[in-house]
Amino acid sequence: MEHLPIDKRRSRGELTRMALLEAALFFFGERGYEGAGTRDIAAKAGCNQGLIAFHFGGKEGLYNAALSIAFENLGTIIQPMTRRLREALAAGGGTASLRAVLEKEITATLLALMRKKTHQSWFLLLRRSLQSGDEKTKALYNDLFAPLHGVVCGIMKKNADTCQEDSSLRAFLLVDMMFSFLRDYPVFLSMTAPRDMEADARTMTVLLCRSLLAAS
């Protein structure tokens, strides 16, 4: 459910609910919970403001549903990436093979998310929610991103070229910089000529791995 595609077979109520979620992802991501108004959300969704209460019980319910949608979409990409990296680590390959797998997975994940239309809202919403201390976001973040950080850290510890003492910090930086790049990439696109996303994904992967997998 990347950007809540419209299916003509759905009922009018389902379509309204999906439109409200799309609008909520945009406004909660751009403005945060307090700054996003239900009137603006309803207007963008093209429906009556009262339908937010009907479908979600109010603003808080809509916010929680938007968070769940963001993590659900991210999970369809991040969880398989984490699983494949864990399998590669468990297979006991050497430094070169582990690095090759890591670079392949980073490039594929970057490209998959760069091609989506709403991923920026997901990351903006995630960042704002974490900064506000939202407990649900913390729990979802730990379920999704902590396992990825853990397996990347394990790969870095196996990498003979990496400083072992700060492998955890380097793993955190790699994951954080990877998703920060994705969050801001649409802004970059808006300021440049048409880009080759696949080439950009490969370049970003090389830059990340060159800086964070090298010995200090």
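Please read these numbers as outputs of a predicted model, since none were measured by experiment.

### Details of the nonpolar core
Where a protein is soluble and globular, its nonpolar side chains tend to be buried together.
Okay, step 1: Within the largest apolar cluster, 61 residues are counted, with the highest numbers of intra-cluster contacts made by Ile-41 and Phe-179.
Okay, step 2: It is helix H4 (residues 59-90) that contributes the most residues to this core, 14 residues altogether.
Okay, step 3: When neighbours within four sequence positions are excluded, Ile-41 is seen to be in contact with Leu-20, Ala-23, Ala-24, Phe-27, Phe-28, Ala-36, Ile-52 and Leu-62.

### Structural notes on the packing of H4 against helix H5 (residues 95-114)
Okay, step 1: Here H4 crosses H5 at 175°, and the two axes come no closer than 10 Å. In this view, H4 runs roughly antiparallel relative to H5, as classed from their interaxial angle. Across the interface between the two elements, Leu-74, Ile-77, Met-81, Arg-84, Leu-85, Ala-88 and Leu-89 from H4 touch Leu-98, Val-101, Leu-102, Glu-105, Ile-106, Thr-109, Ala-112 and Leu-113 from H5.
Okay, step 2: Grouping the constituent residues of the contact of H4 with H5 by class yields 12 nonpolar, 1 polar and 2 charged.

### Observations concerning the packing of aromatic side chains
Okay, step 1: All chains considered together, the criterion is met by 9 aromatic pairs.
Okay, step 2: Judged by centre distance (5.4 Å) and plane angle (40°), the rings of Phe-123 and Phe-179 are tilted. With a gap of 56 residues between them, Phe-123 in helix H6 (residues 119-131) and Phe-179 in helix H8 (residues 167-191) connect regions that are remote in the sequence. A single burial state applies to Phe-123 and to Phe-179, both of which are buried.
Okay, step 3: Centroid distance Tyr-141 to Phe-145: 4.8 Å. Interplanar angle 25°. Geometry classified as stacked. Of the two residues, Tyr-141 and Phe-145 are both situated in helix H7 (residues 135-158); the distance of 4 residues between them amounts to about one turn of the helix.
Okay, step 4: A residue is classified by how much of its surface remains accessible, and Tyr-141, at 25% relative accessible area, is partly exposed.
Okay, step 5: Directly above the ring of Phe-26 sits Lys-44, whose terminal nitrogen or CZ lies 4.6 Å from the centroid.
Okay, step 6: In this structure, Lys-59 packs its charged tip against the face of Tyr-33, placed 4.6 Å from the ring centre.

### A closer look at the packing of helix H1 (residues 12-35) against helix H2 (residues 38-45)
Okay, step 1: The N-to-C vectors of H1 and H2 enclose an angle of 135°; their axes lie 8 Å apart at closest approach. As the angle between them shows, H1 and H2 are arranged oblique. Here the hand of the crossing between H1 and H2 comes out right-handed. Of the residues in H2, those in contact with Ala-19, Leu-20, Ala-23, Ala-24, Phe-26, Phe-27, Phe-28 and Arg-31 of H1 are Asp-40, Ile-41, Ala-42, Lys-44 and Ala-45.
Okay, step 2: The residue makeup of the contact of H1 with H2, split by class, is 10 nonpolar, no polar and 3 charged.

### Describing the environment of His-55
Okay, step 1: Within the secondary structure, His-55 is located in helix H3 (residues 50-56).
Okay, step 2: Taking the C-alpha atoms as reference points, His-55 and Thr-16, 39 residues apart in sequence, are found 8.7 Å from one another.
Okay, step 3: Apart from residues no more than four positions distant in its own chain, His-55 is found in contact with Gly-13, Thr-16, Arg-17 and Leu-20.

Here is what the cut-offs are and how they apply
- Along every chain, residues carry numbers that run from 1 in the direction the sequence is written.
- Note on the predicted model: pLDDT of at least 70 is required for a residue's local features to be given, and 80 or more for side-chain atom pairs to be given and counted; whole-chain, interface and lining totals, by contrast, use all residues.
- Side-chain measures were taken over the full set of non-hydrogen atoms in the model, leaving aside hydrogen atoms and water.
- Put simply, a nonpolar core is a bunch of buried Ala, Val, Leu, Ile, Met, Phe, Trp, Tyr and Cys residues held in one set by side-chain atoms that sit within 4.5 Å of each other.
- Only protein chains enter the area calculation, which uses a 1.4 Å probe; residues under 20% of their type maximum are buried, those over 50% are exposed, and those in between are partly exposed.
- Only DSSP runs of H or I reaching four residues or more are called helices, and only runs of E reaching two or more are called strands; each is numbered from the N terminus.
- In this description, contact between two residues means that some pair of their heavy atoms is separated by no more than 4.5 Å.
- The angle between two axes is taken between their N-to-C directions and runs from 0 to 180 degrees, where each axis is a line fitted to C-alpha atoms and a helix contributes only its stretch in contact.
- Each angle gets one of four labels, with under 35 degrees taken as roughly parallel, over 145 as roughly antiparallel, 65 to 115 as roughly perpendicular, and the rest as oblique.
- Ten residue types, Ala, Val, Leu, Ile, Met, Phe, Trp, Tyr, Cys and Pro, are classed as nonpolar, four, Asp, Glu, Lys and Arg, as charged, and the remainder, Gly among them, as polar.
- Note on aromatic pairs: the rings of Phe, Tyr and Trp (six-membered ring only in Trp) are paired at centre separations within 6.5 Å, and the planes decide the class, stacked below 30 degrees, edge-to-face beyond 60, tilted for the rest.
- A positively charged side chain is recorded as over a ring if its NZ (Lys) or CZ (Arg) lies within 6 Å of the ring centre. The angle to the ring normal must also be within 35 degrees.
- Each crossing is labelled by how the near helix is turned from the far one, with a counterclockwise turn of less than a right angle marking it left-handed and a clockwise turn marking it right-handed.

Read these as geometric descriptors, not functional statements.
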